[in-house]
Amino acid sequence: GDSVTQMEGPVTLSEEAFLTINCTYTATGYPSLFWYVQYPGEGLQLLLKATKADDKGSNKGFEATYRKETTSFHLEKGSVQVSDSAVYFCALIDNAGNMLTFGGGTRLMVKP
Amino acid sequence: ETGVTQTPRHLVMGMTNKKSLKCEQHLGHNAMYWYKQSAKKPLELMFVYSLEERVENNSVPSRFSPECPNSSHLFLHLHTLQPEDSALYLCASSQEVTGANVLTFGAGSRLTVL
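Below, the structure is looked at part by part. (Residues numbered from 1 in each chain as written. Chains lettered and ligands numbered in written order. Predicted model: local features only at pLDDT ≥ 70, side-chain atom pairs only at ≥ 80, totals over all residues. Heavy atoms only, no water.)

1. What about the packing of aromatic side chains?
Scanning the entire structure with this criterion turns up 11 aromatic pairs over all chains. With a centroid separation of 6.2 Å and an interplanar angle of 85°, the aromatic rings of Phe89 of chain A and Phe102 of chain A are classed as edge-to-face. Of the two residues, Phe89 of chain A sits in strand 10 (residues 86-93) while Phe102 of chain A sits in strand 11 (residues 101-102), which places them 13 residues apart along the sequence. By the burial criterion, Phe89 of chain A is buried, and Phe102 of chain A matches it. An aromatic cluster is defined as three or more aromatic residues linked by ring pairs; in this entry it consists of Phe34, Tyr36, Phe89 and Phe102 of chain A together with Tyr33, Tyr35 and Phe105 of chain B. (Phe/Tyr/Trp six-rings, centres within 6.5 Å; stacked < 30°, edge-to-face > 60°. Helix = DSSP H or I, 4+ residues; strand = E, 2+ residues; numbered from the N terminus. Buried < 20%, exposed > 50% of the residue type's maximum accessible area, 1.4 Å probe, protein only.)

Have a look at this one:
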């Protein structure tokens, strides 16, 4: 079945540091890939997505590139802010009719 | 506003109580979902409805009973719960169940079972 593996958290960074959160996957066929973010006290919301190999999703300074050869979709941001503190979820949906599959989530804490 | 509204935001109940969680969306979506989010555990998909028909039921105990009276509303009826059922229950909706559809989530209902 489909699966998504994320790096364990929490990830603690100082403001303006570079962020990478690793995500790798196994899936049937050619999945679409997503990053969702959950801010404290809120539900999940879509951060970015990519639907085919080599696509780059980007939003709010975050980027992730769909790498089919390494089955990865790592999340990056050049300079994090305190307001980026949240839990980040990598997810995929395949094209075989299966439901969205989430990774375990990675908590990011950014200190001033 | 995310477009998906959940009530109540917080609920405390005893093990013998009966309560319900409500979810409402006016995004014109055809699919609605219940997820359970527990501390230090992955998100668990509980139920999925497409056009008011249940399409997924992931071995959820019968003390959780979903109801989808129309495409805009989804309920989760709770009875004789256990303390380990304490969690954040998230409702979501999407245009369709399959395909590269983005889920829109509500803010969740925080449930505590005493």
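Past the structure itself, the notes keep going.
2. Notes on the sheet that holds strand 7 (residues 64-70) of chain B
Residues and elements named next belong to chain B. If you trace the four strands from one edge of the open sheet to the other, you get 1-3-8-7, paired in antiparallel fashion. Lying at the two open borders of the sheet, with one neighbouring strand each, are strand 1 (4-7) and strand 7. The mean inter-strand angle of the sheet, taken between neighbouring strand axes irrespective of direction, is 20°. Sheet analysis places strand 3 (residues 18-25) next to strand 8 (residues 73-79), joined by seven bridges and oriented antiparallel. Within strand 8, the residue paired with Leu21 across the bridge is Leu76. (Pairing = 2+ DSSP bridges. Axes fitted to C-alpha atoms, helices over the stretch in contact; angles between N-to-C directions.)

3. Thoughts on the state of the cysteines
Evaluation of the coordinates by the stated rule reveals two disulfides over all chains. The partner cysteine of Cys23 of chain A in its disulfide is Cys90 of chain A, sulfur to sulfur 2.0 Å. Disulfide Cys23 of chain A to Cys90 of chain A: torsion about the S-S bond roughly -70°, handedness left-handed. With Cys23 of chain A in strand 4 (residues 23-26) and Cys90 of chain A in strand 10, the pair connects residues that are 67 residues apart, well separated along the chain. Each disulfide pairs two cysteine sulfurs, and for Cys23 of chain B the partner residue is Cys91 of chain B, the sulfurs being separated by 1.9 Å. Torsion about the S-S bond of the Cys23 of chain B and Cys91 of chain B cystine: about -75°, corresponding to left-handed handedness. A residue pair is termed long-range when its members are at least 10 positions apart, and Cys23 of chain B in strand 3 and Cys91 of chain B in strand 9 (residues 87-94) qualify at 68 residues. (Disulfide = S-S within 2.5 Å.)

4. Observations regarding the side chain of Asp94 of chain A
Residue and element names in this part refer to chain A. As for its placement among the helices and strands, Asp94 is situated in the loop between strand 10 and strand 11. No salt bridge is formed by the buried Asp94, whose closest oppositely charged neighbour, Lys68, lies at an N-O distance of 13 Å. In this structure Asp94 touches Asp2, Thr28 and Pro31, once residues within four positions along its chain are discounted. (Lys, Arg positive; Asp, Glu negative; His and termini not counted. Salt bridge = Lys/Arg side-chain N within 4 Å of Asp/Glu carboxyl O. Contact = heavy atoms within 4.5 Å.)

5. So, the interface of chain B and chain A
The partner chain A presents 17 residues to the 21 residues of chain B that form the contact. Carbon and sulfur atoms make up 66% of the surface buried where chain B meets chain A, a total of about 1,400 Å² over both sides. For the interface between chain B and chain A, the tally reads zero salt bridges. Here chain B and chain A share three residue pairs in polar contact (both at pLDDT 80 or more) between them. Elements with a minimum of two residues in the side of chain B that touches chain A: strand 4 (31-37), strand 5 (44-50), strand 6 (53-57) and strand 9 of chain B. (Buried area = accessible area lost by both parts, 1.4 Å probe. Polar contact = N/O pair within 3.5 Å; in protein donor to acceptor, adjacent residues only side chain to side chain.)

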